[in-house]
Amino acid sequence: MAAPAKSTPKDAQVMAAILKDMGVVEYEPRIINQMLEFSYRYVTDILDDAKIYSSHANKKTIDVDDVKLAVQCKMDHSFTAPPPRDLLMDISRHKNNQQLPLIKPYTGPRLPPDRYCLSAPNYKLKTAKKVSLNYAVGLS
């Protein structure tokens, strides 16, 4: 992608510079708009939360501690770390110690129980109404 024109907003030029510094040379122009939208929404959410924390503490202005608390809360709710490798290894060891059930010997395709299959008929046929005896005798 070519360098952005000087008529583009300063924020868009900054986003283009970030992409260039990261080694991204080809991208659609809409990417910059998406990055700007994401960053504006993130900053707005953080400042709204910081404003709530500041008013809860009976302060008239937002300070650095309010913003730090808002960022920390956002990180706790938005991003999660994967479980530790040791925990995953213990769980996998425990699960792999259980033997698989034996395969039942029979012919034909091995399908799960009928309640899980879509091959069972999903309709019922109505039986024909029985003709009354008087009507049948009158015809003969």
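Please refer to the structure higher up on the page.
Residues numbered from 1 in each chain as written. Predicted model: local features only at pLDDT ≥ 70, side-chain atom pairs only at ≥ 80, totals over all residues. Heavy atoms only, no water.

**Student:** Just checking my understanding: could you explain the overall build of the protein for this structure?
**Tutor:** The helix and strand inventory of the protein stands at five helices and zero strands. In the protein, the order of α-helices and β-strands from amino to carboxyl end is α-α-α-α-α. Expressed as a percentage of the 140 residues in the protein, the buried residues total 9%. At a minimum sequence separation of 6, the contacts of the protein that also span at least 24 residues come to 29%. Accessible area of the protein: about 13400 Å², with a carbon and sulfur share of 61%. (Helix = DSSP H or I, 4+ residues; strand = E, 2+ residues; numbered from the N terminus. Buried < 20%, exposed > 50% of the residue type's maximum accessible area, 1.4 Å probe, protein only. Contact = heavy atoms within 4.5 Å. Areas by Shrake-Rupley, 256 points an atom, 1.4 Å probe, with all protein chains shown as cover.)

**Student:** Help me understand a nonpolar patch on the surface, please; the structure alone is not making it clear to me.
**Tutor:** A contiguous nonpolar patch, built from Val-14, Ile-18, Met-22 and Val-24 and spanning about 330 Å² of accessible area, is present on the exposed surface. Within the element layout of this structure, Val-24 appears in the loop between helix H1 (10-21) and helix H2 (30-56). (Patch = residues over 30% accessible without salt bridge, like charges linked within 9 Å, V, L, I, M, F, W, Y side chains within 5 Å. Salt bridge = Lys/Arg side-chain N within 4 Å of Asp/Glu carboxyl O.)

**Student:** Hey, could you run me through the pattern of salt bridges in this one?
**Tutor:** Note on pairing: side chains with opposite charge can pair once their charged atoms come close. Scanning the model with the defined rule gives six salt bridges in all. Two residues, Asp-45 and Lys-74, come together in a salt bridge whose shortest N-O distance is 3.4 Å. Highlighted residues: Asp-45 in helix H2 and Lys-74 in helix H3 (residues 64-78), separated in sequence by 29 residues. With relative accessibility at 21%, the residue Lys-74 sits in the partly exposed group. In this structure, Lys-59 and Asp-66 form a salt bridge, with 3.1 Å as the shortest nitrogen-oxygen distance. One continuous salt-bridge network, built from bridges that share partners, spans Lys-59, Asp-63 and Asp-66.

**Student:** Quick question: what am I supposed to make of the side chain of Ser-54 here?
**Tutor:** For Ser-54, the location among the structural elements is in helix H2. If sequence neighbours within four positions are ignored, Ser-54 has contacts with Lys-59, Thr-61, Ile-62 and Asp-66.

**Student:** Would you mind going over the nonpolar core with me for this structure?
**Tutor:** Across soluble globular proteins, nonpolar side chains have a tendency to be buried as a group. In terms of nonpolar packing, the biggest core is built from seven residues, these being Ala-12, Met-15, Ala-16, Leu-19, Tyr-27, Ile-32 and Leu-36. Elements supplying a minimum of two residues to this core: H1 and H2. Looking at this core element by element, the count peaks at four residues for H1. (Core = buried A, V, L, I, M, F, W, Y, C linked by side-chain atoms within 4.5 Å.)

**Student:** Honestly, the packing of H1 against H2 in this entry has me stumped. Any pointers?
**Tutor:** Packed helices, taken two at a time, are described by the angle their axes make and the gap between the axes. For the pair H1 and H2, interaxial distance at closest approach is 9 Å and the crossing angle is 110°. As the angle between them shows, H1 and H2 are arranged roughly perpendicular. Between H1 and H2, the residues in contact are Asp-11, Ala-12, Met-15, Ala-16 and Leu-19 and Ile-31, Ile-32, Met-35, Leu-36, Ser-39 and Tyr-40, respectively. (Axes fitted to C-alpha atoms, helices over the stretch in contact; angles between N-to-C directions. Parallel < 35°, antiparallel > 145°, perpendicular 65-115°, else oblique.)

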